[in-house]
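# Notes for the structure review
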Amino acid sequence: MKRTSILFLLGCLSSTRGIVGAAEKDTDNTFLPAKSCAATDNGESCIPRDETQNLQRDLITWMRSNGALVSHRMEVRLEDPQDPWSRYGVFATERIEKDEVLLSVPLELMIQGDSNPADSPDSLSCNTISELLEEIELGDESHVAPYVRYLKSIPERLLPEAWSDAGRELFEELLGEKLPPQHYVYQWHEEYVTSCDGGNDRFEKWLVHLVAHLEIEEGFLVPYLDFFNHRNGHWDNADGDLFASLDQDQFEIAWFSSTASFDDTFKVQATRTIQPGEQIYISVNSCEEGCVEMLDPGGYGTADILRDYGFVEDLPQRWSFQFGEEWKDIHLKEKQDGSGDIEVSWGLGKNPPKDDVNELVKNVKHLENFEKAHPRNTSGDIPENERNIIWQYH
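The following refers to the structure shown. Numbers given for residues are sequential positions, taken from 1 along each chain in its written order. In view of the model being predicted, local features appear only for residues whose pLDDT reaches at least 70, and side-chain atom pairs are presented and counted only at 80 or more, with totals across whole chains, interfaces and linings using the full set of residues. The side-chain values count all of the structure's non-hydrogen atoms but skip hydrogen atoms and water molecules.

## Let's talk about the overall build of the protein chain
Threshold: Secondary structure elements follow DSSP: runs of H or I of four or more residues count as helices, runs of E of two or more count as strands, with numbering from the N terminus. Residue exposure (1.4 Å probe, protein chains only): buried if accessible area is under 20% of the type maximum, exposed if over 50%, otherwise partly exposed. Residue burial considers only the protein chains on display, and all accessible areas are found by Shrake-Rupley using a 1.4 Å probe.
Helices and strands together make up the secondary structure of the protein chain, namely eleven helices and twelve strands. Within the protein chain, the fraction of its 394 residues that count as buried is 50%. In the form shown here, the protein chain has an accessible surface area of approximately 18,900 Å², with 45% of it arising from carbon and sulfur atoms.

This is the structure in structure tokens:
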């Protein structure tokens, strides 16, 4: 998979002008995720892969036996079995046709709150957090127990704001005062404390980051959905939507404009033909062609995805930088997949103001100085996965 870094991006741009509700409680390790990746600053190992895969199989078996459709034309496996930090992804095992339903999950298999979701997709659903907490405390008595067991295998410190002290310190040094995402620390947990009357222990922090990472816009946690990874461009080959006629006292769904019938499910469908062996992706920030969100400078892009999902997205990427009072976007993509030939289009125009170019040059020098000060093979107290992400972003 092809990724690029913020240093590469700024180096290109600066060198050319013509480039196209709970009380505080004691931490109870019964509820914490077992053997979480980087659960301690000394890099505690992840839950063994065979255990993770057993939990995945149990989840899928439970879903299919309780009314969900999980296509037999796809499978969950590691993106790179040789990489100890590889993500899992969903891959086609047979040819999949456009509009074919890959996943259909009934509402009763989801974890959901019981009142209005947050007004903004950047906000937490307090009730979803409360519902998840209740299901975890029920353990095997929960009506979604296989899903809860799987969720507890997801590591702590998913998001940069939850990283180790040493990891956050290095990341903040990388960002300096200008590079995005600024003000990422305590974004989710602070909202949980102030808006949800939440607590401050280790378990609740993990719970908040898990919900922020997994919930869909309507405040649901949908089993299996997080196996689909994100990518834009022609790799984006599936899409998910909620097909539910929910009570208006609970949720406002006036935004929903699909002509498909409501059957109280969340569905993932192929948006084009998918060939055997091809990975199936769902974008977290794309929308219909020509939509306002993708054209709006300063909109949701690569830096926001790292802040909210904890990974550096593969190409294509979208970066937003602030010049004075104005946000301007830079888009990166490969001219041909695997070629390494990267096309850059940016919002500064063919003849950008000198001040804008000078600002980019300053940022490049900052990143070069960062690399000189921090050799890549130096581990220190930073867990390996955090260090890897920081250097991917650099």
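## As for helix 10 (residues 354-373)
Operational definition: In this analysis, the expected span of each helix is defined as 1.5 Å times one less than the number of residues it contains. Note that the arc is computed from the directions linking the helix axis to the C-beta atoms.
Over its 20 residues, helix 10 extends 29 Å from the first C-alpha to the last, a length consistent with the 28 Å expected when each residue adds 1.5 Å. The set of residues buried in helix 10 consists of D356, V357, E359, L360, N363, V364, L367 and F370. The arc enclosing the buried residues of helix 10, seen along the axis, measures out at 160°, which places them on a common side. Counted as exposed and oriented over 90 degrees from the buried face of helix 10: K354, D355, K362, K365 and K372.

## Quick word on the pattern of salt bridges
Opposite charge on two side chains permits them to pair, given that their charged atoms come into close proximity. The test is simple: A side-chain nitrogen of Lys or Arg and a carboxyl oxygen of Asp or Glu constitute a salt bridge if their distance falls within 4 Å.
Summed over the entire model, instances satisfying the criterion amount to 13 salt bridges. With a shortest N-O distance of 2.9 Å, R149 and D140 are connected by a salt bridge. Exposure remark for R149: the relative accessible area of 38% places this residue in the partly exposed category. The salt bridge involving R307 is made with D308; its shortest N-O contact spans 2.8 Å. The two residues R307 and D308 agree in class, both being buried. Overlapping salt bridges, with partners in common, bring together R73, E94 and E100 in one network.

## Overview of the packing of aromatic side chains
To be explicit about the condition: Stacked, tilted and edge-to-face are the three classes assigned to paired rings of Phe, Tyr and Trp, where Trp is represented by its six-membered ring and a pair needs centres within 6.5 Å; plane angles under 30 degrees give stacked, over 60 edge-to-face, the rest tilted. Geometrically, a lysine NZ or arginine CZ counts as sitting over a ring once it is within 6 Å of the ring centre and also within 35 degrees of the ring normal.
The tally for this structure, following the rule as stated, stands at nine aromatic pairs. Each ring, one from F203 and one from W206, has its centre 5.9 Å from the other, and the planes form 35°; the classification is tilted. Of the two residues, F203 and W206 are both situated in helix 7 (residues 202-214); the distance of three residues between them amounts to about one turn of the helix. By relative accessible area, F203 is classed as buried at 2%. Take W206: its relative accessible area is 3%, and that puts it in the buried class. Both rings, one in Y224 and one in F227, keep their centres 4.9 Å apart while their planes meet at 80°; by these two values the pair is edge-to-face. Summarising the burial analysis for this pair, Y224 and F227 share the class buried. One aromatic cluster is present, built from ring pairs that chain together Y150, Y224, F227 and F228. Above the plane of the ring of F311 lies R87, whose end atom (NZ or CZ) is 5.1 Å from the centre. The ring of W235 has R231 lying over it, and the distance from NZ or CZ to the ring centre is 3.6 Å.

## Comments concerning the layout of surface pockets
The test is simple: Computed over the protein atoms alone on a 1 Å grid, cavities are sets of points where a 1.4 Å probe fits but cannot get out and pockets are open sets with protein on both sides within 12 Å along at least five of seven lines; a residue lines them when it has an atom within 4 Å of a point. Grid points are joined across faces, edges and corners, and a volume is the space filled by probe spheres set on the points. Residue classes follow a fixed rule: Ala, Val, Leu, Ile, Met, Phe, Trp, Tyr, Cys and Pro count as nonpolar, while Asp, Glu, Lys and Arg count as charged, and any other residue, Gly among them, counts as polar.
Space inside the second largest pocket adds up to approximately 500 Å³. What lines the second largest pocket is a set of 26 residues, and nearest its centre among them are K178, P180, S320, Q322 and W327. Secondary-structure elements contributing two or more residues to the lining of the second largest pocket are helix 9 (302-309), strand 10 (317-323) and helix 10. For the lining of the second largest pocket, the element with the highest residue contribution is strand 10, accounting for six residues. In terms of residue class, the lining of the second largest pocket is built from nine nonpolar, ten polar and seven charged.

## Some thoughts on helix 11 (residues 384-393)
Spacing of three or four residues puts side chains on the same side of an α-helix, whose turn is 3.6 residues. With seven of ten residues buried, helix 11 is to be regarded as a mostly interior element. Along helix 11, the residues classified as buried are N385, E386, R387, I389, I390, W391 and Y393.

## Quick notes on the state of the cysteines
Selection rule: Whenever a pair of cysteine sulfur atoms sits within 2.5 Å, that pair is classed as a disulfide.
Under the criterion given, the structure shown has one disulfide. Across a sulfur-sulfur distance of 2.0 Å, C126 and C196 are joined as a disulfide pair. Across the disulfide from C126 to C196, rotation about the S-S bond amounts to roughly -75°, and the bridge is consequently left-handed. In this pair, C126 is assigned in helix 3 (residues 126-138) and C196 in the loop between helix 6 (187-195) and helix 7, connecting sequence segments 70 residues apart. Residue class for C196 comes out buried when judged on its relative accessible area of 5%.

## Considerations on the packing of helix 3 against helix 7
Put simply, the rule reads: In this analysis an axis means a line fitted to C-alpha atoms, helices contributing only their contacting stretch, and an angle means the value between N-to-C directions, from 0 to 180 degrees. When describing relative orientation, an angle under 35 degrees is termed roughly parallel and one over 145 degrees roughly antiparallel, while 65 to 115 degrees is termed roughly perpendicular and anything else oblique. Helix crossings are classified by the rotation of the near helix relative to the far one: an anticlockwise turn of less than a right angle makes the crossing left-handed, while a clockwise turn makes it right-handed. In what follows, residue pairs with any heavy atoms lying within 4.5 Å of each other are defined as contacts.
Running from amino to carboxyl end, helix 3 crosses helix 7 at an angle of 120°, the nearest separation of the two axes being 10 Å. Overall, the two elements helix 3 and helix 7 adopt an arrangement that is oblique. Note that helix 3 runs across helix 7; the crossing there is right-handed. Of the residues in helix 7, those in contact with T128, I129, L132, L133 and I136 of helix 3 are F203, W206, L207, V208, L210 and V211. A class-by-class count of the residues in the contact of helix 3 with helix 7 yields ten nonpolar, one polar and no charged.

## Some points on the sheet that holds strand 4 (residues 101-106)
The test is simple: DSSP-based pairing: two strands are paired if at least 2 bridges between them are found.
Spatial ordering of the open sheet is given by 1-4-8-7-9-3-2, a layout of seven strands whose pairing is mixed. Edge positions in the sheet fall to strand 1 (69-70) and strand 2 (74-78), since each has one partner strand and no second.

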